[in-house]
Amino acid sequence: MTAPALRRLLDEIGPVDATGIEERVAKFTTRSIKKQSKLFGLRLAVTMVDLTTLEGKDTPGKVASLCQKALCPHEGDIPMVAAVCVYPSMVKHAAKHVKGKGVKIASVATAFPSGQAPLKTRLAEVRQAVADGADEIDMVINRGAFLEGELALVQDEIVQVREACGDATLKVILETSELETYDHIRAASFLAMRVLRPGDFIKTSTGKTSANATLGNNQVMIEAIRDFYLATGTEIAMKPAGGIRTAKQALQFLIAVKETLGDAWLNNARYRFGASSLLNDLLRQLETQRTGAYQAPYTFSDDSTGY
Amino acid sequence: MTLPITKTPKCYVGGAFIRSESGRVYETHRSSGEFHANIPRCTRKDVRNAVEAAAKAGAGWAKRTPYNRAQILYRLAEMLEARAPEMAAALKECRRSVDTTSPEQEVRATIDRIVHFAGWADKYEQVLGSVNPVASPHFNFTITEPMGTVGILAPEDAPLLALMTLILPAITTGNSVVALASHAAPYPSILLGEMLATSDLPGGVVNLLTGERKEMLPTFATHEHLRAVAATATQEEATALQQGAAESVKRVILHDPKTDWFSSSHDSPYSLRDFTEAKTVWHPIGA
Amino acid sequence: MPAKKSPARPRELLFGDLWEFDPAPESAEPFIAPRYGLFIDDKFTAPKSRKYFDTIAPRNGAKLSEIALANAADVDAAYTAAAKAFPAWSKLPGKERGKYLFRIARLLQDRAREFAVAETLDGGKPIKESRDFDLPMAAAHFFYHAGWADKLEFVAPGRTLQPLGVVGQIIPWNFPLLMLAWKIAPALATGNTVVLKPAETTSITALKFATILQQAGLPPGVVNIVTGAGETGAAVVDHPLAAKIAFTGSTEVGKIIQRALAGSGKKLSLELGGKAANIVFEDAPLDQAVEGIVNGIFFNQGHVCCAGSRLLVQESVADLVVAKLKRRMQVLRVGDPLDKNTDIGAINSAEQLAKIKDLVASGVKEGAELHQPSCKLPAKGFYHAPTLFTKVSQSHRVAREEIFGPVLSVLTFRTPEEAIEKASNTPFGLSAGVWTDKGSKILKMAAELKAGVVWANTYNKFDPSSPFGGYKQSGFGREGGKHGLLDYAILK
């Protein structure tokens, strides 16, 4: 008799101790980043932001100002962000503003955030978003199927979405808060990575549930990326999303990357932040570093909210 | 009248009855003054052999369930009760003028003490152990474990009660024992060995030697495999014991030579503590 | 299968200098006096010996202060003060004694950063550890024991705890203030008075602690601190007024003390050396195990009696674990302990550094394979790179002797039985680690390992409520929890 698929996968990839992971990541939070290294880290973080708006009330106008913010976050020599991240219906509006200018368009397709639509509908949504100009597709996995142990189904859906993406980069959202345990997060990471292309992403969260990216689930996922890379040579990228609102948090996530995956992952082809309010805090801290004076929040244009 | 068959006194070591490897004996006399028996005069080599036997038996004894240890100790009380008159007679033969209690009282007190400790076997852990409320996500508890093989140097007086008072806490907690009996009154320990042999106590858990204390004390002190020594000792003996013990960082438990062995203060879980190591275990809590 | 294969190239991670951290020195003022006297009867007093010795900063060898050298007459004065203070202190109601200890805990918290910097300067440990471990834990020990002072009738059912009298305490240099707290807090809670001698290379925080006692208004003579080296320690051990000696340090010195006390009737507790096995099974959470191994051997530069200095790893995962360990060691930051990002600071003394180097050389000579990550060690001061030995056999010196430095020996095993056998093949018995995802295996291993502390799926965890101490030649007596209190009392 063969063991159930999830059991087999867990045996193959090995367990995670929750307390141990949390002790490990606590050490990242005690790193003290000063002066030039702080500037470097803050600028790097800016380039990694997927500036996101995912609201029912999003309008072409809202997306337009988000795109302006993405291209030119603040006066001075601030770099542009990695991408804007919008609903599929907004892709064509975003394309008008950023296409060809260095900021990519990411879109959350596949009946985001629940994923509870027929596969056919989800695939059609992906194709449309790509046709409208999306460079990157953020999909959600079928958590229900995962928790039921229907791993082949989960993986097969990822493959089909990947095919629908064409040349667009795929980001697979595990929705870690619904998988709940670190063991599940590690298992789901491997499940996805095994059918991804080099440069595709695994991503923590939709930002639409109570718990989002944490240093803990980020660590489990980047360790999975590391183990997968060492075993197969395939470089998978990582995107924590939701809940990262401060520059201080972002630097802690980057320290985790530096000390777990090393220098090759310290760029926006390999690591992203799914965030909106984070950007202004990064800018605020950069200005503080530049001017030596603490900054007020209203100095920075408020073109991104939520997430 | 037929000539009675006299018993050859032998030491109880490794579950067998042995003479000293030295082949030497010393005479003991009845309270009337007449010759009683030739007692083995054990040597440091006998101590070594007994420690080997004890170490071999100890692991299994420590793994017995506390309930099983309790029943075996109670069985020992049953054995002593059944042969109480014989033991009292043996004690009577080595009575000294200073003794204020009767041999029957000593046998009775010994039986009661055995029963007392039999009852502790499956309870002391709940008194001596603890769950520790640490300030981190860990489950943390402290349990006791036997030390291993321990040495006992019994006093000259109360040759049954004192010997058993020192042995009982050691074996209740799962240690194995090498004990040296009273030199002046060794015969009760010879009888005790016979009772131990029929009590279901695995052979080698308690080993009883007789002979000259000063010949064997240095070995008790320095033998590295003995993890503790409990004794009543003169100032000079205590110094020698503790000095010898230092090389192997041995635990030395000294009892006041003037202690009243009949006192209920000896019925205590804290004498069990003397023969245990505390082990603390940590484990994270998380899903 | 991945849709596209990336080009074949050596798969290793690059931990380079793309994002180098700027120095982040801790800037709090440690307030170290140029010269310290002895603390006797609530006063700092010049030593009768009239001698002082220098204490230096291991991070750069610079002189920090001058410390009084106590001779036998000074130690006698300390014991006399402690004996004089004993009757009133031991008769003080428990709840009042407790209040002093609560005060001390709070004052230590108030001045934690100042003390952390002093500890790092004098001892060489990373500021991150003195700030996040030594100081909070020292305060926690006083706070925990404070609460016991009026509850001593609940420690041992059927008995009451009575103080012993004056207790002589000798502590080591690896956790100077924390070991002081481990010693003084339970002694005072149970109503004893104290003569304490810190290690000669790390006296400063003990003497700064004396100012906390003054701020707390602790009655004169309840705690006395005498400084010096071996001769001072011998005077503390030999003094006739000592009712008990509590020692933490090397097994070698522990044996000398046990011998010296023979026949004296003084009580003794010893917390000595170790050579702990950290056992990793194939089903363990390996990344957390690696973290535990690193924490087990590189915490405080390996100057830890319970350091997990022997890694026993199951053969089937040995290569994997060693590879992970090497990778993890690459991101350990070795350097100035005052830098907030330093993971491994300075070795405590030139003498200790020489001892570590000697043992490392013996490992190489005996055929073990040495691995050290490339790291730039500071030019001045005492530093040693984190070191890993593979191909170690049981008989190698590095596998048998306590190194007390950042040096790990890797051995392998195949079955649980073999792991237990190898782990127990040492005269020490202080601590052990077990890593496996299987609960019943943990409990089996925890039961079989002859060690006073067993860390399962974790390592180097401490808590005031958790008894700590060794089996065999790692000493006797426990510190922490109700067990620790019993070693400072007579049961009546």
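Residues numbered from 1 in each chain as written. Chains lettered and ligands numbered in written order. Predicted model: local features only at pLDDT ≥ 70, side-chain atom pairs only at ≥ 80, totals over all residues. Heavy atoms only, no water.

**Overview of the overall build of chain A**
So, point 1. Along its length, chain A carries 13 helices and eight strands.
So, point 2. Here chain A has a C-alpha radius of gyration of 19 Å; the compact-globule value for 307 residues is 19 Å, and the two agree.
So, point 3. For chain A, the spread of C-alpha atoms along the three principal axes comes to 65 × 45 × 35 Å.
So, point 4. Split into buried and exposed, the 307 residues of chain A put 61% on the buried side.
So, point 5. Within chain A, contacts between residues at least 6 apart in sequence are counted, and of these 77% link residues at least 24 apart.
So, point 6. For chain A, the exposed surface amounts to about 11,000 Å²; the carbon and sulfur share of it is 52%.
So, point 7. When the 37 basic and 35 acidic side-chain charges of chain A are each reduced to a single mean position, those positions are 5 Å apart. (Helix = DSSP H or I, 4+ residues; strand = E, 2+ residues; numbered from the N terminus. Rg over C-alpha atoms; globule rule 2.2 N^0.38 Å. Buried < 20%, exposed > 50% of the residue type's maximum accessible area, 1.4 Å probe, protein only. Contact = heavy atoms within 4.5 Å. Areas by Shrake-Rupley, 256 points an atom, 1.4 Å probe, with all protein chains shown as cover. Lys, Arg positive; Asp, Glu negative; His and termini not counted. Charge placed at Lys NZ, Arg CZ, Asp CG, Glu CD.)

**Here's the deal with the interface of chain B and chain C**
So, point 1. Each side of the interface is counted separately: chain B has 39 residues, and chain C has 45 residues.
So, point 2. Together, the buried faces of chain B and chain C total about 3,300 Å²; carbon and sulfur atoms form 50% of this surface.
So, point 3. A per-residue breakdown of the area chain B buries against chain C is headed by B:Val249, B:Tyr270 and B:Trp282, which together make up 21% of the total.
So, point 4. Notably, a salt bridge pairs B:Arg273 with C:Asp487, separated by 3.8 Å at the nearest N-O pair.
So, point 5. Counting the contacts that link chain B with chain C gives 29 residue pairs in polar contact (both at pLDDT 80 or more).
So, point 6. If you list the elements that add at least two residues to the side of chain B that touches chain C, you get α5 (124-128), β6 (138-146), α9 (235-246), α10 (269-273) and β12 (276-284) of chain B.
So, point 7. With eight residues, the single largest contributor to the side of chain B that touches chain C is β12(B).
So, point 8. Across the side of chain B that touches chain C, the residue classes tally to 14 nonpolar, 15 polar and 10 charged.
So, point 9. Two elements, β12(B) and strand β18 (residues 453-456) of chain C, share three bridges in a ladder whose sense is parallel. Bridging from a neighbouring strand, B:Trp282 pairs with C:Trp455 of β18(C). (Buried area = accessible area lost by both parts, 1.4 Å probe. Salt bridge = Lys/Arg side-chain N within 4 Å of Asp/Glu carboxyl O. Polar contact = N/O pair within 3.5 Å; in protein donor to acceptor, adjacent residues only side chain to side chain. Nonpolar A, V, L, I, M, F, W, Y, C, P; charged D, E, K, R; others polar. Pairing = 2+ DSSP bridges.)

**What about the state of the cysteines?**
Residue and element names in this part refer to chain A.
So, point 1. On inspection of all chains with the given rule, the structure shows zero disulfides over all chains.
So, point 2. Residue Cys67 stays outside any disulfide, its sulfur separated by 11 Å from that of Cys85, the closest cysteine.
So, point 3. Among the residues examined, Cys67 registers a relative accessible area of 0% and is labelled buried. (Disulfide = S-S within 2.5 Å.)

**Remarks on the packing of aromatic side chains**
All names here are of chain C.
So, point 1. Throughout the structure, instances matching the rule amount to 25 aromatic pairs over all chains.
So, point 2. Measuring from ring centre to ring centre gives 5.4 Å for Phe142 and Phe209, while their planes differ by 25°; the resulting arrangement is stacked. With Phe142 in helix α4 (residues 127-148) and Phe209 in helix α6 (residues 204-216), the pair connects residues that are 67 residues apart, well separated along the chain.
So, point 3. On the basis of relative accessibility, which here comes to 0%, the residue Phe142 falls in the buried class.
So, point 4. An aromatic cluster is present here, built from Phe133, Phe175, Trp182, Phe299, Trp455, Tyr459, Phe462 and Phe468 joined pairwise through their rings. (Phe/Tyr/Trp six-rings, centres within 6.5 Å; stacked < 30°, edge-to-face > 60°.)

**Brief notes about the side chain of A:Asp281**
So, point 1. Considering the arrangement of structural elements, one finds A:Asp281 in helix α13 (residues 277-291).
So, point 2. Other than its neighbours up to four places away in sequence, A:Asp281 contacts A:Arg245, A:Thr246 and A:Ala247.

**Quick look at the domain arrangement of chain C**
Residues and elements named next belong to chain C.
So, point 1. Per the domain assignment, the segments making up chain C are domain 1 (35-272 + 472-491) and domain 2 (277-456).
So, point 2. Look at where the C-alpha atoms of domain 1 and domain 2 centre, and you get two points 30 Å apart.
So, point 3. In total, about 2,500 Å² of surface goes out of reach between domain 1 and domain 2, with carbon and sulfur atoms giving 57% of it.
So, point 4. The largest contributions to the domain 1 side of the interface with domain 2 come from Arg59, Trp173 and Lys472, which together make up 25% of the buried area.
So, point 5. For the pair domain 1 and domain 2, the number of links is two salt bridges.
So, point 6. Asp336 is paired through a salt bridge with Arg59; the nearest N and O atoms lie 2.8 Å apart.
So, point 7. Across the contact surface, domain 1 and domain 2 share 16 residue pairs in polar contact (both at pLDDT 80 or more).
So, point 8. For the side of domain 1 that touches domain 2, the secondary-structure elements that each account for two or more residues are α3 (112-123) and α4.
So, point 9. Tallied by class, residues from the side of domain 1 that touches domain 2 come to 10 nonpolar, 11 polar and nine charged. (Domains from an automatic or database assignment.)

**Here we look at the interface of chain A and chain B**
So, point 1. Across the contact, five residues belong to chain A and six residues belong to chain B.
So, point 2. Carbon and sulfur atoms supply 57% of the area buried between chain A and chain B, which totals about 380 Å² over both sides.
So, point 3. At the boundary of chain A with chain B, the tally comes to zero salt bridges.
So, point 4. The tally of links from chain A across to chain B stands at one residue pair in polar contact (both at pLDDT 80 or more).
So, point 5. Taken together, the residues that form the side of chain A that touches chain B break down as one nonpolar, two polar and two charged.

**Remarks on α13(A)**
All names here are of chain A.
So, point 1. A rise of 1.5 Å per residue sets the reference length of α13, with its 15 residues, at 21 Å; its end C-alpha atoms lie 22 Å apart and thus fit the reference within 8%.
So, point 2. When we look at burial in α13, the residues that qualify are Leu278, Leu279, Asn280, Asp281, Leu282, Leu283, Leu286, Glu287 and Thr288.
So, point 3. In this structure, the buried side of α13 is in contact with α3 (35-47), β1 (49-52), α4 (60-71), α12 (247-260) and β8 (273-275).
So, point 4. A positive backbone phi angle near 80° is found at Gly292, which sits one or two residues after α13. (Expected span 1.5 Å × (residues − 1).)

**What to know about the side chain of A:Asp50**
So, point 1. Take A:Asp50: it is sitting in strand β1.
So, point 2. Not counting residues within four places of it along the chain, the set of residues in contact with A:Asp50 comprises A:Ala82, A:Ala83, A:Cys85, A:Glu136, A:Lys171, A:Lys239, A:Arg272, A:Phe273, A:Gly274 and A:Ala275.

**Details of the sheet that holds strand β16 (residues 407-413) of chain C**
So, point 1. Reading across from one edge, β5(B)-β6(B)-β12(B)-β18(C)-β17(C)-β12(C)-β13(C)-β16(C)-β15(C)-β14(C) is the order of the 10 strands in this open sheet, with mixed pairing throughout. Edge positions in the open sheet fall to β5 (130-131) of chain B together with β14 (369-371) of chain C, since each of these has one partner strand only.
So, point 2. Summarising the sheet, β6(B) and β12(B) pair through nine bridges and their orientation is antiparallel. Its bridge partner lying in β12(B), B:Thr142 is registered against B:Thr280.
So, point 3. Packing of helix α9 (residues 286-298) of chain C onto the sheet brings it into contact with β12 (277-280), β13 (310-314), β15 (387-390), β16 and β17 (431-435) of chain C, and relative to β12(C) it is tilted by some 170°.
So, point 4. Helix-sheet contacts for helix α13 (residues 416-424) of chain C involve β12, β13 and β16 of chain C, and the interaxial angle to β13(C) is about 170°. (Axes fitted to C-alpha atoms, helices over the stretch in contact; angles between N-to-C directions.)

**A few points about the environment of C:Leu312**
All names here are of chain C.
So, point 1. Mapped onto the elements, Leu312 comes out in strand β13.
So, point 2. Taking the relative accessible area as the measure of exposure, Leu312 reaches 0% and is therefore buried.
So, point 3. Residue contacts for Leu312: discarding those within four places in its chain leaves Ala277, Asn278, Ile279, Val280, Leu411, Phe413, Ala419, Lys422 and Ala423.

**Some thoughts on the environment of B:Ala90**
Residue and element names in this part refer to chain B.
So, point 1. Assignment of secondary structure puts Ala90 in helix α3 (residues 84-93).
So, point 2. Judged by relative accessible area, which is 6%, Ala90 ranks as buried.
So, point 3. It is 25 Å that separates the C-alpha atoms of Ala90 and Ser22, two residues lying 68 residues apart in sequence.
So, point 4. Filtering out sequence-adjacent residues up to four positions away, Ala90 remains in contact with Tyr187 and Leu191.

**Here we look at the pattern of salt bridges**
Close approach of charged atoms allows side chains with opposite charge to pair.
So, point 1. Counting across every chain of the model gives 77 salt bridges over all chains.
So, point 2. In this structure, C:Asp283 and C:Lys441 form a salt bridge, with 3.5 Å as the shortest nitrogen-oxygen distance. Taken together, the residues C:Asp283 in the loop between β12 and α9 and C:Lys441 in helix α14 (residues 439-448) connect sequence positions 158 residues apart.
So, point 3. The class of C:Asp283 is partly exposed, set by a relative accessible area of 23%.
So, point 4. Bridged by salt links that share partners, the residues A:Arg24, A:Lys27, A:Arg31, A:Glu259, C:Lys128, C:Glu291, C:Arg328 and C:Asp343 form one connected network.

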